[in-house]
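Below are the chains, spelled out letter by letter.
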Amino acid sequence: MDPTRASYFGPRLFVVAALAVAAWANVFKTGVANTDEAGIVLELPAQVGDWSGIGLLFCPDRSCGGQFTEAQLAGATACPKCGAPLGNMNWAERSLLPADTGMARKYYLRPGGRDPLHATIVLSGDDRSSIHRPQVCMTAAGHEIADERIIRIPLEGRAEPLEVMVMDMAKTVDSPDGAPAQYLSYYAYWFVGKGRETASHVERMLWMGYDRVFHGVSHRWAYIALSGQRLPRSDAHLQTIADFASRLHPALLKPE
Ligand SMILES: [Zn+2]
């Protein structure tokens, strides 16, 4: 085999072939009578492995900025500080996202408060603009992306691993003594459409275009994001993400 030929054609052909086969399989399997459905449930479980989830609610008023756990509210639906009706988006999200955007979020902790992380599901509404490239939001918020890679997480009962994009981020903040300090965090995500799953923003855009042109539908895509702090010069967070995501994934599947 000519190695030059293989390296030139190999990756391109593989991508084209994979898309073509997947596309054909989808047409064959589902026909064109698709409806405008989401690919996952918009609900985060109370328990993910040994992580326990805490629900968070936000005040829509920017000057108030109230943020409460469900336990603190004890069933109250109005902001204890200003009386505005609470919701699951903070004021920034509420002002940036279309009103019919779906959102679920929880803060998770392992016993002893270990491995705390935020999990968020954003489900696009009718105009599909709720989901954009997460890298853009992060850099706009002052985070520098130090590293970015896709990790493959084995799933029980499925041959293909779950692919998750993990960004390592660093943000310069002021420490209490006034000296600049580095806040190190991670942001991990993957996208889910009806019958589709990818960690790649570009691949998601290709699928959206394909479904629109060939099926006349625009599915409600969701993105699932996990975020938390990381240690300097350590990849320990990758294992945390893998442990959590492999247990969260089956809980988000839609019942057939
Ligand atoms: Zn308030």
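The preceding data block contains the structure.
What this report covers is the structure whose coordinates are included nearby.

Some remarks on the overall build of the protein
Here comes step 1: The helix and strand inventory of the protein stands at six helices and ten strands.
Here comes step 2: Relative to its 256 residues, the protein shows a buried fraction of 41%.
Here comes step 3: Contacts spanning at least 24 positions in sequence make up 62% of the contacts within the protein whose residues lie at least 6 apart.
Here comes step 4: About 14300 Å² of surface is accessible on the protein, with carbon and sulfur atoms providing 58% of the total.

Looking at the side chain of Arg230
Here comes step 1: With respect to the element layout, Arg230 can be found in the loop between strand 10 (222–229) and helix 6 (236–252).
Here comes step 2: It turns out Arg230 is buried and unbridged, and the closest side chain with the opposite charge, Asp168, is 4.3 Å from it.
Here comes step 3: There is a polar contact of 3.0 Å between the side chain of Arg230 and the backbone oxygen of Met169.
Here comes step 4: Separated by 3.0 Å, the side chain of Arg230 and the backbone oxygen of Ser185 make a polar contact.
Here comes step 5: Look past the residues within four positions of Arg230 in its chain and what remains in contact with it is Ala146, Asp168, Met169, Ala170, Leu184, Ser185, Tyr186 and His237.

Observations concerning the coordination of the zinc ion
Here comes step 1: Binding of the zinc ion to the protein goes through Cys59 (SG), Cys64 (SG), Cys79 (SG) and Cys82 (SG), at separations of 2.3 Å.
Here comes step 2: Taken in sequence order, the residues that donate to the zinc ion follow the motif C-x4-C-x14-C-x2-C.
Here comes step 3: By relative accessible area, Cys79 is classed as buried at 4%.

Considering the nonpolar core
Here comes step 1: Membership of the largest hydrophobic core comes to 31 residues, with the highest contact counts inside it found for Val164, Trp190, Leu226, Phe244 and Leu248.
Here comes step 2: Elements represented by at least two residues in this core include exactly strand 4 (102–110), strand 5 (114–123), strand 6 (144–155), strand 7 (158–174), strand 8 (180–193), strand 10 and helix 6.
Here comes step 3: When residues of this core are assigned to their parent elements, the largest contribution, seven residues, is made by helix 6.
Here comes step 4: Core analysis: the second largest hydrophobic core is formed by 17 residues, Met167, Met169, Trp207 and Ala225 among them.

Things to note about the pattern of salt bridges
Here comes step 1: Enumeration over the complete set of coordinates arrives at nine salt bridges.
Here comes step 2: Ionic pairing is found between Arg149 and Asp235, a salt bridge with its closest N-O pair at 3.5 Å. With a gap of 86 residues between them, Arg149 in strand 6 and Asp235 in the loop between strand 10 and helix 6 connect regions that are remote in the sequence.
Here comes step 3: Residue Arg149 is classed as buried on the basis of its relative accessible area of 18%.
Here comes step 4: A salt bridge links Glu197 to Arg158; its shortest N-O distance comes to 2.9 Å. Here Glu197, found in strand 9 (residues 196–198), pairs with Arg158, found in strand 7; they are 39 residues apart in sequence, far enough to count as distant.

Scoring rules and cut-offs
Counting restarts for each chain, with residues numbered from 1 along the sequence as it is written. With the structure being a predicted model, the display of local features is reserved for residues of pLDDT at least 70 and the display and counting of side-chain atom pairs for 80 or more, all residues being used for whole-chain, interface and lining totals. Note that water and hydrogens are dropped before the side-chain values are worked out from all heavy atoms of the structure. Under the scheme used here, helices are H or I runs from DSSP no shorter than 4 residues and strands are E runs no shorter than 2 residues, and both carry numbers assigned from the N terminus. For the exposure calls, accessible area comes from a 1.4 Å probe over protein chains only, and a residue counts as buried if that area is under 20% of its type's maximum, exposed if over 50%, partly exposed in between. Whether two residues touch is decided by their heavy atoms; if any such pair falls within 4.5 Å, the residues are in contact. Shrake-Rupley sampling with a 1.4 Å probe provides the accessible areas, and residues are treated as covered by the protein chains on show and by no other component. All tallies of charge rest on Lys and Arg as positive and Asp and Glu as negative; His and the ends of each chain are not included. For salt bridges, the criterion is a side-chain nitrogen of Lys or Arg within 4 Å of an Asp or Glu carboxyl oxygen. Nitrogen and oxygen atoms within 3.5 Å of one another constitute a polar contact, given that in protein one can donate a hydrogen and the other can accept it, and given that sequence-neighbouring residues count only through two side-chain atoms. Because no water is among the atoms considered, metal sites can look incomplete, with donors defined as N, O and S atoms within 2.8 Å of the metal, or 3.2 Å for Na, K and Ca. What we call a nonpolar core is a set of buried Ala, Val, Leu, Ile, Met, Phe, Trp, Tyr and Cys residues that are connected through their side-chain atoms within 4.5 Å.

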